[in-house]
Amino acid sequence: TMINTKAANRTTTGVLHTGPARLVFIYGVPTSSAGSIVLRDSTDGSGDAKVTLQSVGSVRTVIEIPLADEGMRFVNGIHVTLTNVAGVTVFFAG
């Protein structure tokens, strides 16, 4: 079965998608300082983190996380908080 896959990119903290979605892939580009990518089921940054990824302090090491099967469900939206990360791209159905 094919899914309607979309992509969203951010270089700052904020909303990646509003509304229900199934996250299927996360791609992050770190900076030269260690940092993190935090994803919440939210449109305003509130609530518990669904995913927290730590990045190493190297611009040569990207973050690539495929989420198998049906991905990770977000009900309200996908909000990202970036700390010392140059950018993040997520792929999702929704």
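For the structure, see preceding data.
In this text the structure is predicted, and so the values were computed from the model without any measurement. (Residues numbered from 1 in each chain as written. Predicted model: local features only at pLDDT ≥ 70, side-chain atom pairs only at ≥ 80, totals over all residues. Heavy atoms only, no water.)

Draft legend 1. Looking closely at the overall build of the protein. Within the protein one finds zero helices and nine strands. Going from the N terminus to the C terminus, the protein shows its helices and strands as β-β-β-β-β-β-β-β-β. For 94 residues, the compact-globule estimate of 2.2 N^0.38 gives 12 Å, and the C-alpha radius of gyration of the protein, at 13 Å, lies within 12% of that figure. Counting only residues that meet the buried cut, the protein has 37% of its 94 residues in that class. A fraction of 80% describes how many contacts in the protein between residues 6 or more apart in sequence connect residues 24 or more apart. Computing the positive centroid from 7 side-chain charges and the negative centroid from 6, the protein places the two 6 Å apart. (Helix = DSSP H or I, 4+ residues; strand = E, 2+ residues; numbered from the N terminus. Rg over C-alpha atoms; globule rule 2.2 N^0.38 Å. Buried < 20%, exposed > 50% of the residue type's maximum accessible area, 1.4 Å probe, protein only. Contact = heavy atoms within 4.5 Å. Lys, Arg positive; Asp, Glu negative; His and termini not counted. Charge placed at Lys NZ, Arg CZ, Asp CG, Glu CD.)

Draft legend 2. View of the packing of aromatic side chains. If you walk through the whole model with that rule in mind, you get one aromatic pair. Residues Phe25 and Phe91 carry aromatic rings whose centres are separated by 6.0 Å and whose planes lie at 70° to one another, so their mutual orientation is edge-to-face. Of this pair, Phe25 sits in strand β3 (residues 21-30) while Phe91 sits in strand β9 (residues 85-93), placing them 66 residues apart in sequence. The ring of Phe74 carries the charged tip of Lys50 above its face, separated from the ring centre by 4.9 Å. (Phe/Tyr/Trp six-rings, centres within 6.5 Å; stacked < 30°, edge-to-face > 60°. Lys NZ or Arg CZ within 6 Å of the ring centre and 35° of its normal.)

Draft legend 3. How the structure looks around unusual backbone geometry. Even without glycine at this site, Asp69 takes up a positive phi of about 60°. Mapped onto the fold, Asp69 is located in the loop between β6 (63-66) and β7 (72-74). The backbone phi angle of Asn84 is positive, close to 55°, even though this residue is not glycine. Here Asn84 lies in the loop between β8 (77-83) and β9. With a relative accessible area of 39%, Asn84 lands in the partly exposed category.

Draft legend 4. Representation of the sheet that holds strand β5 (residues 49-55) in the model. The strand order across the open sheet formed by four strands is β2-β8-β4-β5, and the pairing between neighbours is antiparallel. Among the strands making up the open sheet, the edge pair consists of β2 (14-18) and β5. Across the sheet, the axes of successive neighbouring strands diverge by a mean angle of 15°, strand direction being ignored. In this structure, β2 lies alongside β8, joined through four bridges in antiparallel fashion. What sits directly across from His17, in β8, is Ile78. (Pairing = 2+ DSSP bridges. Axes fitted to C-alpha atoms, helices over the stretch in contact; angles between N-to-C directions.)

Draft legend 5. Fine view of the environment of Thr5. Among the secondary structure elements, Thr5 is positioned in strand β1 (residues 5-10). According to the relative accessible area criterion, Thr5 is partly exposed, its value standing at 42%. As for Thr5 and Ile26, which are separated by 21 residues in sequence, their C-alpha atoms are 13 Å apart. With residues up to four places along the chain from it excluded, the contact list for Thr5 reads Phe91 and Phe92.

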